[in-house]
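# Examining the three-dimensional arrangement
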Amino acid sequence: MPIQYRFYPSLLNTFSRYMQGGNLSVQQLIDSINRVPTPTTAAQERGTSFEEAIVKGTDEERFNPDIIKRVRKLLPRPIVDTQVYCQLEIEDVLFYGYVDLIGSFKAVDLKTTGSYQPGRFVHNHQNLYLHALKRKGIKLMEYVITDFNDVYVESYSLTHPIDRQVEEIRQFKAFLDEHRALITDKKIFVAPGENPDARRR
């Protein structure tokens, strides 16, 4: 089946939030699809800085040393690679993105949050990275999460169901087709004969 769409997890998670009635208008969703720039929030900036501190040691004095130590302890040893490109074909969709880091058998994504509820990532579209990385021997997708007071882990294996994510991908295709005239991000739709590969060049 030829690839007709390219989707990445944060976009699918935004659509999922919209479908679950998560305080998002159609216009906000379309702006998200079209990558309309929005100012970086303080929380987003702190999350990015925390990731840099953990992986590269950049400005780690900004954060609680105990939290840094506990998060690092949960990372794979050795870290085989960071910012790993993943792609997976699901029907006529190329699902793609970058996972923070991989070890020899698990992928880890670092998350920061203002408040944490258990099971937050059960239906996260990043869980599909696991299936994209299967051929690299990855058997586990772990989210290492901090609210800057404590550290939490959610771990998902290849047997964890992904039916809801696949169903949301189908619903998202229908939404895009219905609003096609408003979609300006050329990367979403794959033109006939175009190479669907989505990695950064």
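I will try to describe carefully the structure that is included in this document. Just so it is clear, the model here is predicted, and its values are computed rather than measured. Per chain, residues are indexed from 1 in the order of the written sequence. With the structure being a predicted model, the display of local features is reserved for residues of pLDDT at least 70 and the display and counting of side-chain atom pairs for 80 or more, all residues being used for whole-chain, interface and lining totals. Excluded from the side-chain calculation are hydrogens and water; included are all heavy atoms of the structure.

## Topic: the overall build of the chain
Helix and strand labels come from DSSP, where a helix needs a run of H or I of at least four residues and a strand needs a run of E of at least two; each type is numbered from the N terminus. In terms of regular secondary structure, the chain is built from 6 helices and 6 strands. Taken from the N to the C terminus, the helices and strands of the chain come in the order β-α-α-α-α-β-β-β-α-β-β-α. The C-alpha radius of gyration computed for the chain amounts to 17 Å, which stays within 12% of the reference 17 Å derived for 201 residues, consistent with globular compactness. Counting only C-alpha atoms, the chain reaches 50 × 35 × 30 Å along its principal axes. Three labels apply to residues, based on accessible area from a 1.4 Å probe with only protein chains included: buried if under 20% of the type maximum, exposed if over 50%, partly exposed otherwise in between. Counting the 201 residues in the chain, one finds 46% classified as buried. Put simply, the radius of gyration uses C-alpha atoms, and a globule should come to 2.2 Å times the residue count raised to 0.38.

## Details of the pairing of strand β3 (residues 93-102)
Walk down a regular strand and you will see the side chains alternate between the two sheet faces. When you tally the buried positions in β3, you get 10 out of 10 residues, the bulk of the element. Two strands pair when backbone bridges link them, and strand β1 (residues 5-7) and β3 are joined in this way by 3 bridges, in the parallel orientation. Counterpart to Y5 in the pairing with β3 is V93. Where strand β2 (residues 81-90) meets β3, 9 bridges bridge the pair, whose relative direction is antiparallel. Bridge assignment links E89 to a residue of β3, and that residue is L94. At least two bridges found by DSSP between two strands are what make those strands a pair. Counted between consecutive antiparallel strands, the loop separating β2 from β3 contains 2 residues, among which E91 sits at a positive phi close to 55 degrees. Connecting the antiparallel pair β3 and strand β4 (residues 106-112) is a turn made up of 3 residues.

## Side note on the pairing of β4
In terms of burial, β4 is largely enclosed, as 6 of its 7 residues are buried. Bridge count for β3 against β4 is 2 bridges, and the pairing is antiparallel. Looking at the pairing, I102 lines up with A107 of β4. Bridge count between β4 and strand β5 (residues 140-146): 7 bridges; the pairing is parallel.

## Regarding the pattern of salt bridges
Salt bridge, as applied in this entry: a Lys or Arg side-chain nitrogen positioned within 4 Å of an Asp or Glu carboxyl oxygen. Here the structure, examined in full by the defined rule, presents 15 salt bridges. As a salt-bridge pair, K56 and E52 come within 3.2 Å of each other at their nearest N and O atoms. Residue K56 and its partner E52 are both found in helix α3 (residues 42-56); the two are separated by 4 residues, about one turn of the helix. You can call E52 partly exposed: its relative accessible area is 31%. With its nearest N and O atoms 3.2 Å apart, the salt bridge here joins R72 to E60. Of this pair, R72 sits in helix α4 (residues 65-73) while E60 sits in the loop between α3 and α4; the two residues are 12 residues apart in sequence, bridging distant segments of the chain. One salt-bridge network, in which partners are shared between bridges, spans E91, D92, E167, R170 and K173.

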